[in-house]
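The primary structure of each chain is shown beneath.
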Amino acid sequence: MANINSSNTLSSTFYLTGIPGYEEFHHWISIPFCVLYLVGIMGNCTILHIVRTDPRLHEPMYYFLAMLSLTDMGMSMPTMISLFRVLWSISREIQFNICVVQMFLIHTFSFTESSVLLAMAFDRYVAICHPLRYTTILTPRLIAKIGIAALLRSAFAMIPLLARLAFFPFCHSHTLSHSYCLHQDMIRLACADTMFNIIYGLLLVIVLWGMDSLGIFVSYMCILQSILRIASREGRLKALNTCASHICVVLILYVPMIGLSIVHRFAKHSSPLIHIFMAHIYLLVPPVLNPIIYSVKTKQIRQGILHLLFPTKVSSTVM
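Calculation rules
Residues numbered from 1 in each chain as written. Predicted model: local features only at pLDDT ≥ 70, side-chain atom pairs only at ≥ 80, totals over all residues. Heavy atoms only, no water. UniProt positions renumbered as here; feature names shortened; annotations may be inferred. Helix = DSSP H or I, 4+ residues; strand = E, 2+ residues; numbered from the N terminus. Rg over C-alpha atoms; globule rule 2.2 N^0.38 Å. Contact = heavy atoms within 4.5 Å. Areas by Shrake-Rupley, 256 points an atom, 1.4 Å probe, with all protein chains shown as cover. Lys, Arg positive; Asp, Glu negative; His and termini not counted. Charge placed at Lys NZ, Arg CZ, Asp CG, Glu CD. Salt bridge = Lys/Arg side-chain N within 4 Å of Asp/Glu carboxyl O. Disulfide = S-S within 2.5 Å. Buried < 20%, exposed > 50% of the residue type's maximum accessible area, 1.4 Å probe, protein only. Core = buried A, V, L, I, M, F, W, Y, C linked by side-chain atoms within 4.5 Å. Patch = residues over 30% accessible without salt bridge, like charges linked within 9 Å, V, L, I, M, F, W, Y side chains within 5 Å. Phe/Tyr/Trp six-rings, centres within 6.5 Å; stacked < 30°, edge-to-face > 60°. Axes fitted to C-alpha atoms, helices over the stretch in contact; angles between N-to-C directions. Parallel < 35°, antiparallel > 145°, perpendicular 65-115°, else oblique. Left-handed = near helix turned anticlockwise from the far one by under 90°. Nonpolar A, V, L, I, M, F, W, Y, C, P; charged D, E, K, R; others polar.

- The name given to the protein in an unreviewed UniProt entry is Olfactory receptor, and the organism recorded there is Mustela putorius furo.
- Per UniProt, the comment on the protein under Function (unreviewed entry) is "Putative odorant or sperm cell receptor."
- Quoted verbatim from the Sequence similarities (unreviewed entry) field of UniProt, the annotation for the protein is "Belongs to the G-protein coupled receptor 1 family."

Next up, the structure:
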């Protein structure tokens, strides 16, 4: 019986949802989404290119920034094709196996981004509290291990959750609430006992995001103590300024993430527009704003962008 259910589920077709009540405006609504996706992709690709090509940026802080750009694109790009297929009236259908792959990528890179932010908090802690040992502690080999561990931790944690979906019968509606697949959205359509998925998913959020946010909080408590010991006001402001970008990025990820989780668990009967609005903020805002924040707040990144846009003028200015 389990094999029959698995076979039926794997061949199931699900239906994505655009913006309910605004179907006739989908083509117009797709324009700002297209702009946001292009800005996010171009911004993160620019960060990656600058960090790769500029030897001055081959430092731990910028390696972590490159990881952040990769996770941003990994989290948002899997949604792009299905979103525009819906908004451009090409097709609302998505097969179960494609849906599972999509949600695996979204959730895995979401948890990975949280881990990268923890690593960046540790980077700021070492830079401010142990500046003389900065390059000896955060070696390229350790940074690579941190990145791989963050990705593997998130990926392996998602496997038990998504593997069980293959054994769930979906005997009622196959219409999802979003233009892409989320685990918390799909399990509400299952005609089976989903208690394991609900509890495991909640524990996953609490443990992974909770551990990362606690680590970030502890790092900044130590950083704050170290900053308060700096004698000059100028020195304290300079140290705080190096953390400002990271603090903004943490808030940009965690606030929509918490908001989306609250909406799905405690506001199930609220307007569908709220769910859709929160989901798109969660997936689109970090990839768009993170490169902008680091471009504005980080002098080396600004110089790299100017050099990329105006190579002759920047070179002559430096000389």
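## Let's talk about the overall build of the protein
No. 1: On a plain count of helices and strands, the protein comes out with twelve helices and two strands.
No. 2: Here the protein has a C-alpha radius of gyration of 22 Å; the compact-globule value for 319 residues is 20 Å, and the two agree.
No. 3: Overall size of the protein, expressed as C-alpha extent along the three principal axes, is 70 × 40 × 35 Å.
No. 4: For the protein, contacts bridging at least 24 residues in sequence account for 79% of all contacts bridging at least 6.
No. 5: As displayed, the protein offers around 16400 Å² of accessible surface, 72% of which is attributable to carbon and sulfur atoms.
No. 6: Averaged over its 21 positive side-chain charges, the protein has a centre that lies 11 Å from the centre of its 12 negative ones.

## Structural notes on the pattern of salt bridges
No. 1: Within this structure, the stated rule accounts for four salt bridges.
No. 2: Arg56 is the salt-bridge partner of Asp54, the closest N and O atoms lying 2.9 Å from each other.

## Considerations on the state of the cysteines
No. 1: Counted under the stated rule, the structure contains one disulfide.
No. 2: With its sulfur 1.8 Å from that of its partner, Cys99 forms a disulfide with Cys181. Here the disulfide of Cys99 and Cys181 is left-handed, its torsion about the S-S bond being about -115°. Taken together, the positions of Cys99 in helix H4 (residues 96–129) and Cys181 in the loop between helix H6 (140–163) and helix H7 (183–186) put the pair 82 residues apart, joining distant regions of the chain. In this pair, the class of Cys99 matches that of Cys181, namely buried.
No. 3: Note on Cys222: no disulfide assigned, nearest cysteine sulfur contributed by Cys129 at a separation of 6.3 Å.

## So, the nonpolar core
No. 1: In this structure, Phe14, Leu68, Leu117, Leu165, Phe170, Leu176 and Met186 are the most contacted members of the largest nonpolar core, which totals 71 residues.
No. 2: Going through the elements one at a time, helix H2 (26–53), helix H3 (60–87), H4, H6, helix H8 (195–228), helix H9 (233–266) and helix H10 (272–297) are the ones with two or more residues in this core.
No. 3: With 13 residues, the single largest contributor to this core is H4.
No. 4: Residues Tyr37, Leu83, Leu87 and Leu284 belong to the second largest nonpolar core, which totals seven residues.

## Concerning a nonpolar patch on the surface
No. 1: There is a patch of nonpolar side chains on the surface, built from Tyr22, Phe25, Trp28, Ile31, Val35, Val39, Leu273, Leu289, Ile292 and Val296 and spanning about 920 Å² of accessible area.
No. 2: Counting only elements with at least two residues in the nonpolar patch, the list comes to H2 and H10.
No. 3: Assignment of secondary structure puts Phe25 in the loop between strand E1 (13–15) and H2.
No. 4: The class for Phe25 is partly exposed, based on a relative accessible area of 41%.

## Some remarks on the packing of aromatic side chains
No. 1: On inspection of all chains with the given rule, the structure shows eight aromatic pairs.
No. 2: Between the aromatic rings of Phe14 and Phe96, the centroid separation amounts to 6.2 Å while the plane-to-plane angle is 40°, which identifies the pairing as tilted. With Phe14 in strand E1 and Phe96 in helix H4, this pair connects stretches of sequence that are 82 residues apart. Here Phe14 matches Phe96 in class, with each residue buried.
No. 3: Both rings, one in Phe196 and one in Tyr200, keep their centres 5.4 Å apart while their planes meet at 20°; by these two values the pair is stacked. On the criterion of helical spacing, the pair formed by Phe196 and Tyr200 is a turn pair, its members being four residues apart in helix H8.
No. 4: For Phe196, a relative accessible area of 37% translates into the label partly exposed.
No. 5: Here the aromatic residues Phe14, Phe96 and Phe170 are joined through ring pairs into a cluster of three or more.

## Some thoughts on the UniProt feature "transmembrane region" (unreviewed entry) in the protein
No. 1: UniProt's entry tags residues 28–51, 63–88, 94–122, 142–163, 198–223, 244–267 and 273–293 with the feature "transmembrane region" (unreviewed entry), counted in the numbering of this structure.
No. 2: For residues 198–223, the helix share is 100%, the strand share is 0%, and the end-to-end C-alpha distance is 37 Å.

## Some words on the packing of H2 against H3
No. 1: Between H2 and H3, the least distance of the axes is 9 Å, while the angle of their chain directions is 155°. One finds that H2 runs roughly antiparallel with respect to H3. With respect to the hand of their crossing, H2 and H3 are arranged in left-handed fashion.
No. 2: Tallied by class, residues from the contact of H2 with H3 come to 19 nonpolar, seven polar and one charged.

## Thoughts on the environment of Ser261
No. 1: As for its position among the elements, Ser261 is in helix H9.
No. 2: Ser261 sits in the buried class, given a relative accessible area of 16%.
No. 3: Residues Ser261 and Val205 lie 56 residues apart in sequence; the distance between their C-alpha atoms is 9.1 Å.

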